[in-house]
Amino acid sequence: MADGKAPGEFDLIRLLRERQVVHPAVRLGIGDDAAILSPAAGRELLIAADMLMEGTHFTFPPLTPREAGRKALAVNLSDLAAMAAEPLAAFVTVALPRGRSASFALELHEGVLDAARPFGMSLAGGDTNAWDGPLVISVTVCGQSSAAGPVCRSGALPEDRILVTGSLGGSLSGHHASFTPRVREALTMQQTAPIHAMIDISDGLAADLHHILDESQVAAVLEAARIPLTPEAHRQATAEKPALVRALSDGEDFELLLTAAPDDAARLLALDLPGCPLTDIGSIHAGSGCQLRQADGSLIPLERSGWQHQL
Ligand SMILES: [Mg+2]
């Protein structure tokens with residue numbers, strides 16, 4: 001490709017095979033008609049897919065092709081983390097705009113490998129085509145459940161504490177393109193204590209908490225003063241959209257929101273997760289809906305769209 005020719009499909013496949021890590025559960029990856037996966041005995045396969053489209057989910061710039069590739073896999077890994085699954089393999093399908101350079105396709109795949117490498121997972125298949133539309137990248141990931149089994153959204157129980165990893169808000173200024181999915185943290189937490197319900201925060205804390213409440217058929221009270229805010233949420237705060245509102249509704253934080261029985265929550269909070277603080281932000285109750293306890297102690301309804309600041 002030093003002469004500037006576009007890489008053929010076979011060149012790309014060869015390059016990907018040379019660069020990739022191979023997970024032992026992937027018996028056969030790129031190079032045959034289908035991949036063969038053998039999860040460990042007694043484990044279940046978990047599969048998630050997410051598609052990113054240029055012009056809808058990102059633009060070049062501000063994203064680079066490498067960042068787009070990285071994000072396309074990372075958002076899928078965040079979904080595996082949300083179920084406490086170990087990543088095994090990714091399948092990456094790309095519709096490349098005709099006329100984009102060979103280096104563009106390679107950078108994109110390099111970004112996918114950047115996201116895969118830390119987790120020792122395989123890039124086990126996919127497809128690359130060219131067309132007259134914008135870039136579309138669709139990733140499917142396969143993971144295996146941990147020894148304790150997958151964590152669903154539907155398991156939250158009254159009296160559970162609500163915990164969140166990291167801090168929230170202002171993600172679109174950069175975090176959304178550079179985050180490390182909380183895969184390891186999820187596995188460590190689940191080894192430490194039973195997690196009743198878990199979700200990754202992609203739509204925003206308010207919306208994603210509502211997903212847990214809907215699936216578990218319970219209610220929640222969130223403590224406004226305890227919600228961890230990013231420096232970016234403070235920096236971007238305005239009178240109309242203070243930092244708390246950003247944390248509740250910006251989305252794309254890719255942190256984990258989980259519930260656990262009070263004793264188990266205490267054990268989780270005592271964990272030392274490097275670079276990943278864990279915060280107790282509220283409680284689960286019988287009933288339906290979500291309320292936000294404000295600094296003055298008053299309770300206001302928290303809609304799934306977030307909290308509308310009262311001027
Ligand atoms: Mg998700």
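Keep in mind it's a predicted model, so treat the numbers as computed, not measured. (Residues numbered from 1 in each chain as written. Predicted model: local features only at pLDDT ≥ 70, side-chain atom pairs only at ≥ 80, totals over all residues. Heavy atoms only, no water.)

(A) Molecular detail of the overall build of the chain. For the chain, the helix and strand inventory stands at nine helices and 13 strands. Here the chain has a C-alpha radius of gyration of 21 Å; the compact-globule value for 311 residues is 19 Å, and the two agree. The principal-axis extent of the C-alpha atoms belonging to the chain is close to 65 × 50 × 30 Å. Looking at the chain as a whole, 51% of its 311 residues qualify as buried. In the chain, of all internal contacts separated by at least 6 residues, the share reaching a separation of at least 24 is 84%. A total of about 13900 Å² of accessible surface is found on the chain, and carbon and sulfur atoms cover 52% of it. Separation between the mean location of the 23 positive side-chain charges and that of the 38 negative ones in the chain comes to 4 Å. (Helix = DSSP H or I, 4+ residues; strand = E, 2+ residues; numbered from the N terminus. Rg over C-alpha atoms; globule rule 2.2 N^0.38 Å. Buried < 20%, exposed > 50% of the residue type's maximum accessible area, 1.4 Å probe, protein only. Contact = heavy atoms within 4.5 Å. Areas by Shrake-Rupley, 256 points an atom, 1.4 Å probe, with all protein chains shown as cover. Lys, Arg positive; Asp, Glu negative; His and termini not counted. Charge placed at Lys NZ, Arg CZ, Asp CG, Glu CD.)

(B) Seen up close, the packing of helix α2 (residues 65-81) against helix α3 (residues 102-116). It is at 6 Å that the axes of α2 and α3 come closest, and there the two elements cross at 35 degrees. Here α2 runs over α3; the crossing is right-handed. Residues Pro65, Arg66, Ala68, Gly69, Arg70, Leu73, Ala74 and Leu77 of α2 form the contact with α3, whose participating residues are Phe104, Glu107, Leu108, Glu110, Gly111, Val112, Asp114, Ala115 and Ala116. Its residues assigned to classes, the contact of α2 with α3 comprises ten nonpolar, two polar and five charged. (Axes fitted to C-alpha atoms, helices over the stretch in contact; angles between N-to-C directions. Left-handed = near helix turned anticlockwise from the far one by under 90°. Nonpolar A, V, L, I, M, F, W, Y, C, P; charged D, E, K, R; others polar.)

(C) Summary view of the packing of aromatic side chains. One pass over the full model with this rule turns up three aromatic pairs. Centroid distance Phe60 to Phe104: 5.4 Å. Interplanar angle 85 degrees. Geometry classified as edge-to-face. With Phe60 in the loop between β3 (45-53) and α2 and Phe104 in helix α3, this residue pair connects regions lying 44 residues apart in the sequence. With a relative accessible area of 7%, Phe104 lands in the buried category. Aromatic side chains Phe179 and Phe254 sit 4.2 Å apart centroid to centroid with 10 degrees between the ring planes, which places their arrangement in the stacked category. Here Phe179 is found in the loop between α4 (175-178) and α5 (183-192), whereas its partner Phe254 is found in the loop between α8 (243-249) and β10 (256-260), with 75 residues between them in sequence. (Phe/Tyr/Trp six-rings, centres within 6.5 Å; stacked < 30°, edge-to-face > 60°.)

(D) Main features of the pairing of strand β12 (residues 290-293). Side chains of β12 alternate between two faces, with Cys290 and Leu292 buried and Gln291 and Arg293 left unburied. The pairing of strand β9 (residues 219-223) with β12 spans four bridges and is parallel. Counted as the bridge partner of Glu223 is Arg293 from β12. Bridge analysis of β12 against strand β13 (residues 299-301) gives three bridges, and the strand direction is antiparallel. When the sheet's bridge partners are listed, Leu292 is paired in β13 with Ile300. What sits between β12 and β13 in their antiparallel hairpin is a turn of five residues, with Gly297 showing a positive phi close to 95 degrees. (Pairing = 2+ DSSP bridges.)

(E) Here's a closer look at the coordination of the magnesium ion. Only Asp79 (OD) and Asp200 (OD) from the protein coordinate the magnesium ion, and they sit 2.1 Å from it. Of this pair, Asp79 sits in helix α2 while Asp200 sits in strand β8 (residues 197-200), and the two are 121 residues apart along the sequence. For Asp79, a relative accessible area of 26% corresponds to the partly exposed category. (Donors = N, O, S within 2.8 Å, 3.2 Å for Na, K, Ca; no water.)

By themselves these figures say nothing about function.
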